[in-house]
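# Fold and contact review
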Amino acid sequence: MSSQPFKTGYPCEHATASERCYHPDCVRLWEAEVTRLREALTDAIECVASWGAYADDYFKEKWGLEGDLVRLRAALAVEEPDEQ
Ligand SMILES: [Zn+2]
């Protein structure tokens, strides 16, 4: 996991505000950020699942725990482009 803080913003040193930057340095930063956020979302899903397991069935249904977990897991399952 990258320990480098995420600093990329537009315009970066390579691009204007109106164009997306594909400079390798910026792509690496964005990829590291995506990885960091995916890991954070994975952790959050595990927290919701483990805390939610202690909730009374009434509240699991009232809050739609299963639906929330399905939705969150689906967000993580989005296919990533396989170009390198
Ligand atoms: Zn850039």
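Position numbers for residues start from 1 in each chain and track the written sequence from start to end. Reporting of local features is limited, given that this is a predicted model, to residues whose pLDDT is at least 70; pairs of side-chain atoms are given and counted only at 80 or more, and all residues count toward the totals for whole chains, interfaces and linings.

Moving on, we come to the overall build of the chain. Broken down by element type, the chain carries three helices and zero strands. Along its sequence from the N terminus, the chain presents helices and strands in the succession α-α-α. Contacts here follow a simple rule: the backbone-placed C-beta atoms of the two residues must lie within 7 Å. Considering only intrachain contacts with a sequence separation of at least 6, the fraction spanning at least 24 residues in the chain is 42%. Each helix is a run of DSSP H or I of at least 4 residues and each strand a run of E of at least 2, with the numbering of both proceeding from the N terminus.

All right, on to helix 1 (residues 24-52) then. The span you would expect from a helix comes to 1.5 Å times its residue count less one. Compared with an ideal rise of 1.5 Å per residue, which puts 29 residues at 42 Å, helix 1 spans 41 Å between its outermost C-alpha atoms and is within 8% of the ideal. With C-beta atoms placed from the backbone, the exposure class of a residue follows from how many other C-beta atoms lie within 10 Å of its own: 20 or more, buried; 12 or fewer, exposed; in between, partly exposed. Sparse coverage of helix 1 is indicated by the burial of zero of its 29 residues.

Summarising the model, the chain shows a mean pLDDT of 84, and 80% of its residues fall at 70 or more. pLDDT: the predictor's confidence for each residue, scored from 0 to 100. Ranking the elements of the chain by mean pLDDT puts helix 1 last with 94 and helix 2 (residues 57-63) first with 96. Segment residues 1-5: pLDDT under 50, and five contacts once partners within four positions in sequence are set aside and those in other chains are kept.

This paragraph deals with the environment of His14. Mapping His14 onto the fold places it in the segment before helix 1. Among the residues examined, His14 registers 14 C-beta atoms within 10 Å and is labelled partly exposed. Measuring from C-alpha to C-alpha, the distance between His14 and Cys26 comes to 8.7 Å, with twelve residues separating the pair along the chain. When neighbours within four sequence positions are excluded, His14 is seen to be in contact with Cys21, His23 and Cys26.

So, about the packing of helix 1 against helix 3 (residues 65-76). Axes here refer to lines fitted to C-alpha atoms; in helices the fit is confined to the stretch in contact. Angles between the N-to-C directions go from 0 to 180 degrees. Between helix 1 and helix 3, the least distance of the axes is 10 Å, while the angle of their chain directions is 165 degrees. For the element pair helix 1 / helix 3, the angle class is roughly antiparallel. Note on packing geometry: the crossing formed by helix 1 with helix 3 is left-handed. Of the residues in helix 3, those touching helix 1 at Arg38, Leu41, Thr42, Ile45, Val48, Ala49 and Gly52 are Leu65, Asp68, Leu69, Leu72, Arg73, Ala75 and Leu76. In this classification, Asp, Glu, Lys and Arg are treated as charged, Ala, Val, Leu, Ile, Met, Phe, Trp, Tyr, Cys and Pro as nonpolar, and every other residue, Gly included, as polar. The class makeup of the residues in the contact of helix 1 with helix 3 is nine nonpolar, two polar and three charged. Every angle not falling under 35 degrees, over 145, or within 65 to 115 is termed oblique; those three ranges are roughly parallel, roughly antiparallel and roughly perpendicular. Helix crossings are classified by the rotation of the near helix relative to the far one: an anticlockwise turn of less than a right angle makes the crossing left-handed, while a clockwise turn makes it right-handed.

In a regular helix each residue adds 1.5 Å, so twelve residues correspond to 16 Å; helix 3 covers 17 Å between its end C-alpha atoms and thus fits that length. Counting buried positions along helix 3 yields zero of twelve residues, so the element is predominantly exposed.

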